[in-house]
Amino acid sequence: MIPFTYTRPDNIEDAVRAASSLGSAARFIAGGTNLVDLMKEHIEQPAHLIDVTHLPLKQIEDANDGGLILGALTTNSQVAYDERIQSRYPLLASAIRAGASAQLRNVATTGGNLLQRTRCFYFYDTAVACNKREPGSGCAAMHGKNRIHAILGASDQCIATHPSDMCVALAALQACVQVTGPQGTRSIAFADFHRLPGDQPDQDTTLRAGELITAITLPAENFAANYTYLKLRDRLSYAFALVSVAAAMHIENGLIAQARLALGGVAHRPWREPEAEHLLIGKAPDRHAFGLAADRILIQARGHGDNDFKIPLARRAIVRALEQAAAGIPQSPIDKRIN
Ligand SMILES: Cc1cc2nc3c(=O)[nH]c(=O)nc-3n(C[C@H](O)[C@H](O)[C@H](O)COP(=O)(O)OP(=O)(O)OC[C@H]3O[C@@H](n4cnc5c(N)ncnc54)[C@H](O)[C@@H]3O)c2cc1C
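1. Let's talk about the domain arrangement of the chain
Looking at the assigned domains, one finds that the chain contains domain 1 (5-50) and domain 2 (227-328). Here the C-alpha centre of domain 2 lies 36 Å away from the C-alpha centre of domain 1.

See the structure below:
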């Protein structure tokens, strides 16, 4: 057992002040469903825990621009079953319900979900090299069992993937992350929030020291009619994605007027490729157009041996998700409406 101090502020200012005064040895803790596991496995060893569960960040509110504001402490269940999310952002509800288990979703928070760490086996095994856990030590996954690893955006230092389902939908919806830190508040576009590993794989995000996530904002554009979150995994429930696809579009007069496509389980961050989406604009929503978009998004895909299968799997998943979105069949395995 590594000793740590514990503090429980009840306002944002005190939480941020505590984080900046305690420095890099401090961690915020929300639901604890990831951080506590990491502490038990000696992967994270914070000297100070700042419990944020008493901060006033538990509301889902309407935004002035027609969107919604999700407080960082809303639970995954609260968001997935909120009537406004279900009717206006069903893609998000579907993605959240495809993740973890009911018990975990009741405790896991929106802010914590964004910052959950990779499920790379070698990150969790302190006996082997991992640049994400211990910078400069090497990457055991590169020539190890890498079935679950990245096919896009990896570096020679790290091939880990980001495990979240919720974040794949948030990427497709172009959400924004609201943060408060020692320098004040700022808003981070979702596409800029998670990093690629590069030569600093220990850095998962662009958050600065001491910054607290306060909310996620969803824009008014919601794609409630034509969407699908398709999650492919080894078991139908309680497993992380090998490949997942958030697909959404607007169809006008039989042609695609707008398209969104994001992949999970394939990269260090939710993967979006705007050029693949642009390829769909003005096209009839058919298998040919969807195949071209899939080829574009996967153009740089590269396997590492065990995970080579993910490339054709991702292509088929993209085409299928887009077909279902176009047909207005919002499939998620959890919805039990698989054709
Ligand atoms: C068995 C199991 C299966 C799972 N399956 C899935 C799955 O299929 N799909 C999926 O998407 N997820 C899955 N998860 C992950 C789960 O969704 C995350 O553990 C959860 O979302 C993390 O939220 P939390 O509130 O518990 O975070 P915590 O564990 O409290 O914190 C996680 C990280 O976020 C930081 N943090 C928390 N809140 C804030 C804040 N407001 N501002 C700044 N930093 C903050 C903490 O410092 C910590 O670094 C699974 C988890 C488990 C244990």
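2. Re the sheet that holds strand E12 (residues 271-272)
One open sheet accounts for 4 strands, arranged E9-E10-E11-E12; its pairing is antiparallel. The two strands at the open ends of the sheet, each matched to only one other strand, are strand E9 (227-232) and E12. Together, E9 and strand E10 (243-252) form the strand contacts of helix H5 (residues 90-97), whose direction differs from that of E9 by roughly 15 degrees.

3. Observations regarding the packing of H5 against helix H9 (residues 166-173)
The interhelical angle for the contact between H5 and H9, taken along N-to-C directions, is 160 degrees, at an axis separation of 7 Å. It follows that H5 is roughly antiparallel to H9 by the angle criterion. Here the hand of the crossing between H5 and H9 comes out right-handed. Taking contact as the criterion, the partners of Leu91, Leu92, Ala95 and Ile96 in H5 are, on H9, Met166, Val168, Ala169, Leu170, Ala172 and Leu173.

4. Some points on unusual backbone geometry
At histidine 42, a position not held by glycine, the phi torsion is positive, near 65 degrees. Mapped onto the elements of the fold, histidine 42 is located in the loop between helix H2 (35-40) and strand E3 (48-51). If you check the backbone angles, tyrosine 238 has positive phi at about 60 degrees while not being a glycine. Counting through the fold element by element, tyrosine 238 comes out in the loop between E9 and E10.

5. A few points about helix H1 (residues 12-22)
Residues of H1 that are buried include every one of Ala15, Val16, Ala18 and Ala19, and no others. Along the axis of H1, the buried positions cluster into a sector of 160 degrees, meaning they face one direction only. For H1, exposure combined with an orientation more than 90 degrees from the buried face picks out Glu13 and Ser21. Against the buried residues of H1 lie strand E1 (5-7), strand E2 (26-29), E3, strand E6 (176-181) and strand E8 (212-218).

6. With respect to the environment of valine 168
Mapped onto the secondary structure, valine 168 falls in helix H9. In this structure the C-alpha to C-alpha distance between valine 168 and tryptophan 271, which are 103 residues apart in sequence, comes to 7.7 Å. Leaving out residues up to four positions away in the same chain, valine 168 has contacts with Ala95, Ser244, Ala246, Ala262, Leu263, Gly264 and Pro270.

7. A short note on the nonpolar core
One finds Leu91, Ala169, Ala246, Ala293 and Ile318 to be the most contacted residues of the largest nonpolar core, which totals 101 residues. Among the domains, domain 1 (5-50) and domain 2 (227-328) are the pair contributing at least three residues each to this core. Dropping the residues within four chain positions of it, alanine 169 is found in contact with Leu91, Leu92, Ala95, Tyr229 and Ala246.

8. Thoughts on the site of the ligand
Of all residues adjacent to the ligand, which total 29 residues, the nearest are Gly31, Gly99, Gly111, Gly112 and Leu115. Every element with two or more residues in the shell around the ligand is listed here: E2, H2, helix H7 (110-115) and E8. A per-element tally of the shell around the ligand places H7 first, with 4 residues. Residues of the shell around the ligand, tallied by class, amount to 15 nonpolar, 11 polar and 3 charged.

9. What about the environment of alanine 257?
Its place among the elements puts alanine 257 in strand E11 (residues 255-264). A residue is classified by how many C-beta atoms lie within 10 Å of it, and alanine 257, with 12 of them, is exposed. C-alpha separation for the pair alanine 257 and histidine 278, spaced 21 residues apart in sequence, amounts to 9.7 Å. Those residues in contact with alanine 257, other than ones at most four positions away along the chain, are His250, Ile251 and Glu252.

10. Description of the pairing of E10
Most of E10 sits out of view: 7 of its 10 residues are buried. With 6 bridges joining them, E9 and E10 adopt antiparallel strand pairing. Paired with tyrosine 229 across the strands is alanine 246, a residue of E10. Sheet analysis places E10 next to E11, joined by 9 bridges and oriented antiparallel. Within E11, the residue paired with alanine 247 across the bridge is leucine 261. The hairpin formed by E10 and E11 contains 2 residues between the paired strands, and asparagine 253 there has a positive phi angle of roughly 50 degrees.

Criteria and cut-off values
Residues numbered from 1 in each chain as written. Predicted model: local features only at pLDDT ≥ 70, side-chain atom pairs only at ≥ 80, totals over all residues. Domains from an automatic or database assignment. Pairing = 2+ DSSP bridges. Helix = DSSP H or I, 4+ residues; strand = E, 2+ residues; numbered from the N terminus. Contact = placed C-beta atoms within 7 Å. Axes fitted to C-alpha atoms, helices over the stretch in contact; angles between N-to-C directions. Parallel < 35°, antiparallel > 145°, perpendicular 65-115°, else oblique. Left-handed = near helix turned anticlockwise from the far one by under 90°. Buried ≥ 20, exposed ≤ 12 C-beta atoms within 10 Å, placed from the backbone. Arc of directions from axis to C-beta. Core = buried A, V, L, I, M, F, W, Y, C linked by C-beta atoms within 7 Å. Near = placed C-beta within 6 Å. Nonpolar A, V, L, I, M, F, W, Y, C, P; charged D, E, K, R; others polar.

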